[in-house]
Amino acid sequence: MNLLKSLTRKNEFVSSAMCVLLVILLTVKGEVFWTKGNLDSLQASIAPTAIMAFGMMALLVCGYFDLSIGSTMLLAGMVSGRLALAGAPIYAIVALVLITGCAVGCTNGFLVAKLRINALIATIGTQYIFYGIAMTQLDKVRALGKFPENFIMLGEGKALGLYYMTWVTLALLAVFSYFLKYTPTGRQLYFLGGNREAARLMGFNDRRIIFAAYAATGLLASLAGILAAARIQSPSQYMGGNVHMTCMIACVVGGGSFAGGKGSALGAVLGVAFMSLLTNMFNLLELKAQLQNVIVGLILVTVIVTDGCLNLKKLREIGRA
Amino acid sequence: MGEDTGRQLAAGRAEKFSFASWTIVYLLAALFIFLALTRNAFFTFSNIHSILHSVSFNFYAAIGFTLLIIMGELDLSVGSMFGFGGAMMGFFIFMYKLPAPTAIALTIAASALVGLASGFLIARFRLNSMMVTIGVMMAIKGVNWILVNRFSGRQFPASARRFVSVDVLGIKWTIILMIAIALALEILLAKSRHLKQLYYIGHNFDTTILYGLNANAVKCACFAISAAMSAFGGVLMTARLAHPNVTVGSNLEISIITAAVISGASIFGGRGSILRTMLGVTFVFTLQNGMTSYNINTYVQQIILGVILILAIYLDIRANSAAGERR
């Protein structure tokens, strides 16, 4: 247990150190970094991604992942657009979109946990399906133009100088930290990710846990979709484009592992902060946007290789490879 | 039956020819008959010819993919390598003013290096190939954007355009090459000592290493082939379009996974055949052609393709568990 604890600390240390380095670099190089406008846009880019990263981290901990969260986010924006167009009151919009997101998550959970389809293939498939469904709504949603004022307040509103979405993120951080560390179900996720066969033999209902994790991920993705759509004030077709990649890289940078059994809620937030600071750096230092894709891809490969190396070392130590 | 070699070895019994593994033939035939009966313009020589012409480009990207899927590896970077072929060809032709053949040769060599690099990482560190190739996919996509934006709107010279649409015996040479490669590899996979190794590796990786096969080298080589052949397909496609384009090869990976799985390859490895992959690719692209001729929205087409992919994978899992394999 002590070893696990120190290891988690070390993993979070990496992401926080990288964040600090980027902040220092941006303070020195980019004059506008500490302005209010830039800090606001940083919040607005970190918060929705971090909300999704909690779900992704829970899945990574038990050794799964979800590539369809970007499409879920897009779908959430489109559905809230349709509902706003139909004149639904704001609480009905939020409730229905969250239900949609939960349904998307349950679909993924059904495919992966019940039908035992490989998580990557299943969620790539649903990614395409939900992207297609969302985009068929685009023409109808275009008529909306802008969301009603009280819906926009969800994304633009502030309390004590921070956006509502930042408060939501902080609240979820507290909830997920507690859930993963201290609740029996949270600990089961780690056991499941660490050794699935053993967890199954000990009588854990792995299918139910994985199903619930996927449902939660879909729910969080639609919540993030509402907040992001409210922030950009209209349903955009570009929402959620690369967000599944960003989330996955962020979680692994923040101490998660594709092999499962590792990770924490704080790590997820730190990883997302790192990714957002990186984007911010590209904007402030006026580097090419396309170059960002290259860098992110290379970071992903580096992260996978390091993760794989550590994993191989662990396997060799216990004599399994 | 080539694709059962690994399995026969493990089970110690010879399996008979089964019609079930050729489901793709029935599917393709049904699709052709349906479209021929309902659409007037479908069953003409020129339409079928042009469908097969674009199928052939995409089939080149599916060759390496099939070899890898036989070994239980997935290469999701095929789509971006397809685009990379076009972008690099543009790079060499516009920036260095190289003649077309040199440019194409250099493009393919560069792509093979990229494939070799990802293959090396995957084999050396035993990484999840899907994850690594997703990373490669993103990086290469970024490179494609940068390259294509630098020479947007410029056309290839005639020497770099004409060669794709040369006819041999009244048929485009790319179609003939496609069929030749499919037949040759199909026979080699069943008979050749070297290519049979792929099935053994896909069936039981650890045992093949104990028996002294250099499985890692084989994997590296196949990743290089996959990248190089995808780029080759991309070069041909771009030459047909006459200018590099960012959309070349986008979403290609999902079409190819669907094609491979629908034609009976298993994502768990040990099964798969080039000839049937060719039929699978033809099926997927004919389906897209048919849906377009019915004026179905592209986004709805995406939904349908996603559903087909998940169904095909589900049936694959059902077939595997019916065969008594626990995964």
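Just so it is clear, the model here is predicted, and its values are computed rather than measured.

What follows concerns the overall build of chain A. For chain A, the helix and strand inventory stands at 14 helices and two strands. Relative to the globule expectation of 20 Å for 321 residues, the C-alpha radius of gyration of chain A, 20 Å, shows essentially globular dimensions. For chain A, the C-alpha atoms occupy an extent of roughly 60 × 50 × 35 Å along the three principal directions. Surface accessibility of chain A: about 13,900 Å² in total, with carbon and sulfur atoms responsible for 66%.

This part is about the packing of aromatic side chains. Residue and element names in this part refer to chain A. Scanning all chains against the criterion turns up 14 aromatic pairs over all chains. Between F147 and F151 the ring centres are 4.4 Å apart and the planes differ by 45°, which places this aromatic pair in the tilted class. Each member of the pair F147 and F151 is classed as buried. An angle of 80° between the planes, with centres 6.2 Å apart, marks the rings of F176 and F179 as edge-to-face. Highlighted residues: F176 and F179, both in helix α8 (residues 164–182), separated by three residues, approximately one helical turn. Through successive ring pairs, a cluster of aromatic residues spans F54, F176 and F179.

Taken together, the contact pairs 38 residues of chain B with 41 residues of chain A. Of the roughly 3,400 Å² buried where chain B meets chain A, counting both sides, 81% is carbon and sulfur surface. Of all residues in chain B, the largest losses of buried area upon contact with chain A belong to M131(B), M138(B) and I310(B), amounting jointly to 20% of the total for that side. Summed over the shared surface of chain B and chain A, the result is zero salt bridges. Linking chain B to chain A there are zero residue pairs in polar contact (both at pLDDT 80 or more). Contributions of two or more residues to the side of chain B that touches chain A are made by α5 (100–125), α6 (129–150), α11 (252–262) and α13 (298–322) of chain B. Grouping the amino acids of the side of chain B that touches chain A by side-chain chemistry returns 27 nonpolar, seven polar and four charged.

Let's shift gears to the packing of helix α14 (residues 289–317) of chain A against α6(B). Interaxial distance between α14(A) and α6(B) falls to 7 Å at its minimum, and their mutual angle equals 160°. With respect to α6(B), the element α14(A) is oriented roughly antiparallel. Between α14(A) and α6(B) lies a crossing whose hand is left-handed. Within the contact between the two elements, α14(A) uses Q290(A), L291(A), N293(A), V294(A), V296(A), G297(A), L298(A), L300(A), V301(A) and I304(A) and α6(B) uses M131(B), V132(B), I134(B), G135(B), V136(B), M138(B), A139(B), G142(B), V143(B), W145(B), I146(B) and N149(B). Class assignment of the residues belonging to the contact of α14(A) with α6(B) gives a composition of 16 nonpolar, six polar and no charged.

A side chain with one charge can pair with a side chain of the opposite charge if their charged atoms come near. All names here are of chain A. Overall, the coordinates contain eight salt bridges over all chains when judged by the stated rule. Where D139 meets R142, a salt bridge forms, and the shortest distance between an N and an O atom there is 3.3 Å. Within this pair, D139 and its partner R142 are both found in helix α6 (residues 138–142), separated by three residues, close to a single helical turn. There is no split in this pair, since D139 and R142 are both exposed.

Moving on: the confidence of the model for chain B. All names here are of chain B. Per-residue confidence for chain B gives a mean pLDDT of 81; residues scoring 70 or more make up 91%. Low confidence marks residues 1–5, where pLDDT is under 50. Its contacts with residues over four positions away, or in another chain, come to 16 contacts. Note that residues 9–17 has pLDDT below 50 and, in this model, nine contacts with residues that lie over four places away or in other chains.

Attention now goes to a nonpolar patch on the surface. Nonpolar side chains collect at one region of the surface, where F45(B), V166(B), V168(B), L169(B), I171(B) and I176(B) lie side by side and expose about 570 Å² of accessible area between them. Assessed through its relative accessible area of 82%, L169(B) is described here as exposed.

Once that is clear, we can look at the environment of S177(A). All names here are of chain A. Locating S177 in the fold gives a position in helix α8. Classification of S177 by relative accessible area gives partly exposed; the value is 26%. Sequence separation of S177 and F54 is 123 residues, and the distance between their C-alpha atoms is 9.6 Å. With residues near it in sequence (within four places) discarded, S177 still touches A265 and L266.

A few words on the confidence of the model for chain A. Summing up the model confidence of chain A, the mean pLDDT is 85 and the portion of residues at 70 or higher is 96%. Confidence, expressed as mean pLDDT per element, reaches its minimum in chain A at helix α1 (residues 2–29) of chain A with 74 and its maximum at helix α4 (residues 90–114) of chain A with 93.

Ranked by internal contacts, the top residues of the largest apolar core, which has 208 residues, are L120(A), F59(B) and L198(B). Leave out the neighbours within four places in its chain, and L198(B) touches L67(B), I70(B), M71(B), L189(B), V218(B) and C222(B).

Quick look at the side chain of T208(B) now. Take T208(B): it is sitting in helix α9 (residues 205–210). Not counting the four nearest positions on each side in its chain, T208(B) is found in contact with Y200(B), I201(B), L213(B) and A215(B).

Both trends apply: most residues other than glycine have a negative phi, and most peptide bonds are in trans. The phi dihedral of Q233(A) falls on the positive side, at around 70°, and the residue is not glycine. Its relative accessible area of 23% is what places Q233(A) among the partly exposed residues. Even without glycine at this site, A242(B) takes up a positive phi of about 80°. Looking at the secondary structure, you find A242(B) in the loop between α10 (215–241) and α11.

Now for the packing of helix α7 (residues 173–191) of chain B against helix α12 (residues 274–293) of chain B. All names here are of chain B. Relative to each other, α7 and α12 sit at 145°, their axes nearing to 7 Å. In this structure, α7 uses M178, I179, A182, L183, L185, E186 and L189 to contact α12, whose residues at the interface are I274, L275 and M278. In the contact of α7 with α12, the residues fall into nine nonpolar, no polar and one charged.

Before going further, it helps to spend a moment on helix α2 (residues 36–61) of chain A. All names here are of chain A. An ideal rise of 1.5 Å per residue puts 38 Å on 26 residues; α2 measures up with 36 Å between its terminal C-alpha atoms. Roughly 25° is the biggest bend found in α2, and it falls at A50. Among the 26 residues in α2, 20 count as buried, and that is most of the element.

Turning our attention to the state of the cysteines. With the rule as written, the count across this model stands at zero disulfides over all chains. In this structure C19(A) is not part of a disulfide, and its nearest cysteine sulfur, from C251(A), lies 13 Å away.

Conventions we followed
- The residue numbering used here restarts from 1 in each chain and proceeds along that chain's sequence as written.
- Here the convention is simple: chains get letters from A, ligands get numbers from 1, in the order in which they are written.
- For a predicted model such as this one, the threshold for reporting local features is a pLDDT of at least 70, and the threshold for listing and counting side-chain atom pairs is 80 or more; totals across whole chains, interfaces and linings nevertheless cover every residue.
- Hydrogens and water molecules were not included; the side-chain quantities draw on all heavy atoms of the structure.
- Only DSSP runs of H or I with at least four residues qualify as helices, and only runs of E with at least two residues qualify as strands; both kinds are numbered from the N terminus onward.
- Radius of gyration: C-alpha atoms only; globule rule: 2.2 Å multiplied by the number of residues to the exponent 0.38.
- Here, Shrake-Rupley sampling with a 1.4 Å probe gives the accessible areas, and only protein chains in the shown set may cover a residue.
- Two rings from Phe, Tyr or Trp (for Trp, the six-membered ring) form a pair when their centres are within 6.5 Å of each other. A pair whose planes differ by under 30 degrees is stacked, one over 60 is edge-to-face, and the rest are tilted.
- Only protein chains enter the accessibility calculation, which uses a 1.4 Å probe; a residue is then buried when its area is under 20% of its type maximum, exposed when over 50%, and partly exposed in between.
- Here a residue-residue contact requires only that any non-hydrogen atoms of the pair lie within 4.5 Å.
- Joining two parts hides part of their accessible area as seen by a 1.4 Å probe, and the buried area is that hidden amount summed over both.
- The salt bridge criterion pairs a side-chain nitrogen of Lys or Arg with a carboxyl oxygen of Asp or Glu, the two atoms within 4 Å.
- Distance and chemistry together define a polar contact, namely a pair of N or O atoms within 3.5 Å, with one atom able to donate a hydrogen and the other to accept it when in protein, and with adjacent residues in sequence counting only for side-chain atoms on both sides.
- Classification convention: Asp, Glu, Lys, Arg as charged; Ala, Val, Leu, Ile, Met, Phe, Trp, Tyr, Cys, Pro as nonpolar; all other residues, Gly among them, as polar.
- Interaxial angle, 0 to 180 degrees, is taken between N-to-C directions of lines fitted to C-alpha atoms, where a helix line uses only the stretch in contact.
- Relative orientations are named as follows: roughly parallel for angles under 35 degrees, roughly antiparallel for angles over 145 degrees, roughly perpendicular for angles from 65 to 115 degrees, and oblique for any other angle.
- With the far helix as reference, a near helix turned anticlockwise by less than a right angle produces a left-handed crossing, and one turned clockwise produces a right-handed crossing.
- The predictor attaches a confidence to each residue, and that confidence, scored 0 to 100, is pLDDT.
- Residues enter patches when their relative accessible area tops 30% and they take part in no salt bridge; the joining distance is 9 Å for like charges and 5 Å for the nonpolar side chains Val, Leu, Ile, Met, Phe, Trp and Tyr.
- What is meant by a nonpolar core is a set of buried Ala, Val, Leu, Ile, Met, Phe, Trp, Tyr and Cys residues, joined one to another through side-chain atoms within 4.5 Å.
- The span you would expect from a helix comes to 1.5 Å times its residue count less one.
- Consider a residue and the seven residues that end there alongside the seven that start there; fitting an axis to each set, the bend is the angle between those axes.
- Cysteine sulfur atoms that come within 2.5 Å of each other are treated as a disulfide pair.

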